[in-house]
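This is what each chain is made of:
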Amino acid sequence: MLLIPVSDIIRRLSERGAKRVALQFPAGLARQAPGVAAALRDAGFEVIVSGDPCYGACDLALDTLTYADVLVHFGHAPVEDRSSVIYEPVRIDFDVGVLSRALPMLESRRVGLVTTVQHVHLVGAMAAYLGEHGIEAVVAPGDGRTPLPGQVLGCNFAAARATGADEILFVGTGVFHPTGIQLATRARVVALDPFTGEARIVDASRLVRRRAAVMAKAEDAASFGIIVSTKSGQQRMGLARRLAALSDRAFLVAMREVSPAGMLDLGFGAYVNTACPRLAYDDQIRFPVPVLTPPEFEILCGARAWEDYAIDEYLAP
Ligand code: SF4
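- The protein chain carries the name 2-(3-amino-3-carboxypropyl)histidine synthase in an unreviewed UniProt entry, which gives Methanoculleus bourgensis as its organism.
- Under Pathway (unreviewed entry), UniProt gives the following word-for-word description of the protein chain: "Protein modification; peptidyl-diphthamide biosynthesis."
- As recorded by UniProt, the Cofactor (unreviewed entry) comment attached to the protein chain reads in full: "[4Fe-4S] cluster".

Below, the structure is given as structure tokens:
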């Protein structure tokens, strides 16, 4: 069944006079590719589908533009301006009444409200629900990487910080976003999964302890590869150069896919990741050697105090 409506995409493509169209889907939507491709072909477009893995709007299949006038990227809001790309975020609804499960855990009468891109269209309805229950919801704009008010990414918590609230309600799935929000804001964070109705108070200390163990392992590495991504929206060369200057054991390493095999092949004793910040936190278990975040490497090099431990964020320039 085709879950993605194409009429609006066809209108936007026609307005641009596009004839050849490339399509890019993240893993969760990839099975929509044949249906969307068929609908666009029937509307008169030549279609090519990107078959490479895609993790976010930071990972655009710009190579397909060799064969197409426009790239349609599904599932995410823009993290950067690209005139040749149409972004088509996908909305996932839920009944905002599920917020009742979080109400007993909220201590403040004024809370910051944030969510991920799939649910950001419900921010107004969620804020109204909280208002009806005596809680003022503060919804703030993020930065250029999170253009929708109340939107956070796994690499960008600007919209949470901008609320200035001492307590933040995150509505969404998974543990990473709320953990990152707590480390980025130092606020009390309540996380609500809108599908299971499970609400919990977030405790980031476990993540920090795990990361301290990785840092201890990296300390005596003979060499550090400072990974610089070649993906469109993950490249932080300025930061990588600054980190490399902190130690004569550090060297810049360009990578498209940050893979265990690539790390082993190159033979550095440890790596510092300036690509997608989540890689170091989520995927350390897959990696054959320690992979540090930029703030962790700064601590190791004495350029940052341990008390200033921070989550790695990719903020808009
Ligand atoms: S850099 Fe990572 S966390 Fe940020 S948008 Fe890309 S995939 Fe998501």
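## Focus: the packing of aromatic side chains
- Summed over the entire model, instances satisfying the criterion amount to seven aromatic pairs.
- Taking the centre distance of 5.5 Å and the plane angle of 45° together, the rings of Phe176 and Tyr281 count as tilted. Of this pair, Phe176 sits in helix H5 (residues 176-185) while Tyr281 sits in helix H9 (residues 278-283), placing them 105 residues apart in sequence. Neither Phe176 nor Tyr281 differs from the other in exposure class; each is buried.
- The interplanar angle of 55° and the centroid separation of 5.1 Å between the aromatic rings of Phe224 and Phe297 together place this pair among those described as tilted. Separated by 73 residues along the polypeptide, Phe224 in strand S10 (residues 224-229) and Phe297 in helix H10 (residues 294-300) bring together distant segments of the chain. Each member of the pair, Phe224 as well as Phe297, is classed as buried.

## Quick word on unusual backbone geometry
- Of note, Arg186 is a non-glycine position whose phi angle comes to about 60°, a positive value.
- Taking relative accessible area as the criterion, Arg186 reaches 56% and is therefore assigned exposed.

## Focus: the sheet that holds strand S7 (residues 167-171)
- The strand order S6-S5-S7-S8-S9 describes an open sheet built from five strands, whose pairing is mixed. Each of the sheet's edge strands pairs with one partner strand only, and the pair in question is strand S6 (136-138) and strand S9 (199-201). For this sheet the average axis-to-axis angle between neighbouring strands, irrespective of direction, equals 30°.
- Note: strand S8 (residues 188-192) against S9, three bridges, orientation antiparallel. Within S9, the position partnered with Ala191 by the bridge is Arg200.
- Against the sheet, helix H3 (residues 123-132) makes contact with strand S5 (110-115), S6 and S7, and its axis sits at roughly 155° relative to S5, the strand it touches most.
- The sheet strands contacting H5 are S5, S7, S8 and S9, and the helix crosses S7 at an angle near 160°.

## Considering the state of the cysteines
- Per the counting criterion, the structure on display carries zero disulfides.
- Considering cysteine sulfurs only, Cys58 is the nearest to Cys54, which forms no disulfide, with 7.4 Å between them.

## Re the domain arrangement of the protein chain
- Domains assigned within the protein chain are domain 1 (7-88), domain 2 (96-201) and domain 3 (207-308).
- On a C-alpha basis, the centres of domain 1 and domain 2 stand 30 Å from each other.
- Between domain 1 and domain 2, the residue contacts involve six residues of the former and seven residues of the latter.
- Where domain 1 abuts domain 2, roughly 410 Å² becomes buried across the two surfaces, and 64% of that area is made up of carbon and sulfur atoms.

## Re the layout of surface pockets
- When its volume is computed, the largest pocket comes out at roughly 1100 Å³.
- Taken together, 45 residues form the lining of the largest pocket, with Tyr55, Gly56, His76, His177 and Arg278 sitting closest to its centre.
- Ranked by residue count, the leading element in the lining of the largest pocket is H9, at four residues.
- The residue inventory of the lining of the largest pocket, partitioned by class, reads 23 nonpolar, 14 polar and eight charged.
- Counted as a void, the second largest pocket has a volume near 280 Å³.

## Some points on the site of the ligand
- With respect to spatial proximity, the complete set of residues near the ligand consists of Tyr55, Cys58, Arg145, Gly154, Cys155, Gln234, Cys276 and Pro277.
- A molecule is said to occupy a pocket when more than half its atoms come within 2 Å of that pocket's grid points, and by this definition the ligand occupies the largest pocket.
- Looking at the shell around the ligand, its residues break down into five nonpolar, two polar and one charged.
- Lining the shell around the ligand are residues from two domains, each supplying at least three of them: domain 2 (96-201) and domain 3 (207-308).

## Looking at the pairing of strand S3 (residues 70-74)
- Of all five residues that make up S3, five are buried, and the element is covered over most of its length.
- Residues Val70, Val72 and Phe74 line one face of S3 and the alternating positions Leu71 and His73 line the opposite face, and both faces are buried.
- Pairing between strand S1 (residues 20-24) and S3: four bridges, direction parallel. Following the sheet pairing, Ala22 is matched in S3 by Leu71.

## Structural notes on the environment of Thr185
- Within the fold, Thr185 resides in helix H5.
- Sequence separation of Thr185 and Asp166 is 19 residues, and the distance between their C-alpha atoms is 8.4 Å.
- The contacts of Thr185, once residues within four sequence positions are left out, are Ala160, Arg161 and Ile168.
- Within the local environment of Thr185, its side chain forms a polar contact with the backbone oxygen of Ile181, the two atoms lying 2.7 Å apart.

About the cut-offs
Residues numbered from 1 in each chain as written. Predicted model: local features only at pLDDT ≥ 70, side-chain atom pairs only at ≥ 80, totals over all residues. Heavy atoms only, no water. UniProt positions renumbered as here; feature names shortened; annotations may be inferred. Phe/Tyr/Trp six-rings, centres within 6.5 Å; stacked < 30°, edge-to-face > 60°. Helix = DSSP H or I, 4+ residues; strand = E, 2+ residues; numbered from the N terminus. Buried < 20%, exposed > 50% of the residue type's maximum accessible area, 1.4 Å probe, protein only. Pairing = 2+ DSSP bridges. Axes fitted to C-alpha atoms, helices over the stretch in contact; angles between N-to-C directions. Contact = heavy atoms within 4.5 Å. Disulfide = S-S within 2.5 Å. Domains from an automatic or database assignment. Buried area = accessible area lost by both parts, 1.4 Å probe. 1 Å grid on protein atoms, 1.4 Å probe; cavity = no way out; pocket = protein on both sides within 12 Å on 5 of 7 lines; lining within 4 Å. Points joined across faces, edges and corners; volume = space filled by probe spheres on them. Nonpolar A, V, L, I, M, F, W, Y, C, P; charged D, E, K, R; others polar. Near = heavy atom within 4 Å. Sits in = over half its atoms within 2 Å of the grid points. Polar contact = N/O pair within 3.5 Å; in protein donor to acceptor, adjacent residues only side chain to side chain.

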